[in-house]
Amino acid sequence: MRAGEYRAAVTAFTQAIASYPGGMTSRKGGEYAVWLAQALHAKGQTAEAKELLMSIEKHPDGDVRSVADSVLYIYQAPTHIIFGVCFACTCINAPVFAS
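Rules behind the numbers
Residues numbered from 1 in each chain as written. Predicted model: local features only at pLDDT ≥ 70, side-chain atom pairs only at ≥ 80, totals over all residues. Heavy atoms only, no water. Helix = DSSP H or I, 4+ residues; strand = E, 2+ residues; numbered from the N terminus. Buried < 20%, exposed > 50% of the residue type's maximum accessible area, 1.4 Å probe, protein only. Axes fitted to C-alpha atoms, helices over the stretch in contact; angles between N-to-C directions. Parallel < 35°, antiparallel > 145°, perpendicular 65-115°, else oblique. Left-handed = near helix turned anticlockwise from the far one by under 90°. Contact = heavy atoms within 4.5 Å. Nonpolar A, V, L, I, M, F, W, Y, C, P; charged D, E, K, R; others polar.

A look at the environment of Ala8
Item 1. Here Ala8 is to be found in helix α1 (residues 6–19).
Item 2. Using a relative accessible area of 35% as the deciding quantity, one classes Ala8 as partly exposed.
Item 3. Spatially, the C-alpha atoms of Ala8 and Ala39 are 9.1 Å apart, while their sequence positions differ by 31 residues.

Quick look at the structure:
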């Protein structure tokens, strides 16, 4: 898989979660779920990504919960535009420099 192939990544992580023993409730399945959320976000499915990360808040593994919480925090951060430069990955229409 190459950079930018988010659709393929979503499919691969979904299959990995389904095929791993214990599914999303296992540590590895939880890690796959966080990566799935990141692929969904990169693909533009931000609501689904946030929903998945919120569901991981109840994961039995504390490390998985912590990582999911950190990623969700970043995705929920407000967008800031300072001096015409956008400091959020979802804002693609802001000018690089304001005149």
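What about the packing of helix α2 (residues 27–42) against helix α3 (residues 46–55)?
Item 1. In the contact formed by α2 and α3, the axes pass within 7 Å of each other and the chain directions differ by 160 degrees. In terms of orientation, α2 and α3 fall into the roughly antiparallel class. In this structure, α2 meets α3 at a crossing whose hand is left-handed. Between α2 and α3, the contacting residues are Ala33, Val34, Leu36, Ala37, Leu40 and His41 on the first element and Thr46, Glu48, Ala49, Leu52 and Leu53 on the second.
Item 2. Looking at side-chain class alone, the contact of α2 with α3 contains 8 nonpolar, 2 polar and 1 charged residues.

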